[in-house]
Amino acid sequence: MQLFYNPLISETEKSFVFDKEESKHIIKVLRKKERDILFVTNGLGSLFKTEIALASDSKCTVTILSLEKQEPSKYHLHLAVAPTKMNERYEWFLEKATEIGIQEITPIICEHSERKIIKTDRFQKIIESAVKQSLHFYIPKLNEPISYRDFLKKEFNGQKFIAHCEETDKKTLKSQIKKENDILILIGPEGDFSVKEIQMALDNKFIPVSLGSTRLRTETAAIVACHSVNFLNDL
């Protein structure tokens, strides 16, 4: 199944018109024609089975034939991950985390962050593409970048973890995860969290955890954390 994503398609509509860019892709690139079937999600758990009624490369119009609803995940995984020095590494994390399964992502600016200015437009497109490729009907929420200090001021109901490299008493993440629970995990920059930042997290009742016996890059650590939560919830 080839999946298309459009956040504007509504469950109450009987037809839908794609914008010019998507219409051109459908008709000119994919060579779709009238009466061809397209599957579309709005990223909110709905899968629409549609049929092309007007094969126009400027306003491809489809008729909605049926609607299927997918139940949301029984847990909410939120990763707060510091931006990497090279954008493509963060984009790789976004793509793979979306494929594996994640509900929310926040870029956090830390003391040791080498990249402090982030434009999320391209990040959003990476996520949307990964949703279509992996056939997910829910799209992860991408928050705007925020300073580490301000992020810790936000309220969060659920398990809270910080993964850092300091040689302190830490449990393994997999031993601490509770199934079907909301989970927030902090992942630091290439230079790791500062000692002060680690203490701030502990003061806010974050549990320090280890992701393994080796030192991981930021984006790798985020993927390991994402996979661990999904794997343990699928057992």
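One structure accompanies this document, and this report is about it.

Parameters and conventions
- Residues numbered from 1 in each chain as written.
- Predicted model: local features only at pLDDT ≥ 70, side-chain atom pairs only at ≥ 80, totals over all residues.
- Heavy atoms only, no water.
- Axes fitted to C-alpha atoms, helices over the stretch in contact; angles between N-to-C directions.
- Helix = DSSP H or I, 4+ residues; strand = E, 2+ residues; numbered from the N terminus.
- Left-handed = near helix turned anticlockwise from the far one by under 90°.
- Contact = heavy atoms within 4.5 Å.
- Nonpolar A, V, L, I, M, F, W, Y, C, P; charged D, E, K, R; others polar.
- Polar contact = N/O pair within 3.5 Å; in protein donor to acceptor, adjacent residues only side chain to side chain.

**Focus on the packing of helix H2 (residues 87–100) against helix H3 (residues 120–134)**
Here is step 1: Running from N to C, H2 and H3 cross one another at 35°; their axes reach a closest spacing of 8 Å. Considering only the axes of H2 and H3, their crossing is right-handed. Between H2, through Asn87, Tyr90, Glu91, Leu94, Glu95, Thr98 and Glu99, and H3, the contact on the second element is made entirely by Arg122, Phe123, Ile126, Ile127, Ala130, Val131, Gln133 and Ser134.
Here is step 2: When its residues are assigned to classes, the contact of H2 with H3 shows seven nonpolar, four polar and four charged.

**Re the environment of Glu144**
Here is step 1: Within the secondary structure, Glu144 sits in the loop between strand S8 (141–142) and strand S9 (146–147).
Here is step 2: Expressed as a C-alpha distance, the spacing of Glu144 and Lys119, which sit 25 residues apart in the sequence, is 8.6 Å.
Here is step 3: For Glu144, the residues in contact, after removing those within four places along its chain, are Thr106, Pro107 and Thr120.
Here is step 4: Side-chain polar atoms of Glu144 contact the side chain of Thr120, separated by 3.0 Å.

Any functional reading would require information that these geometric values do not contain.
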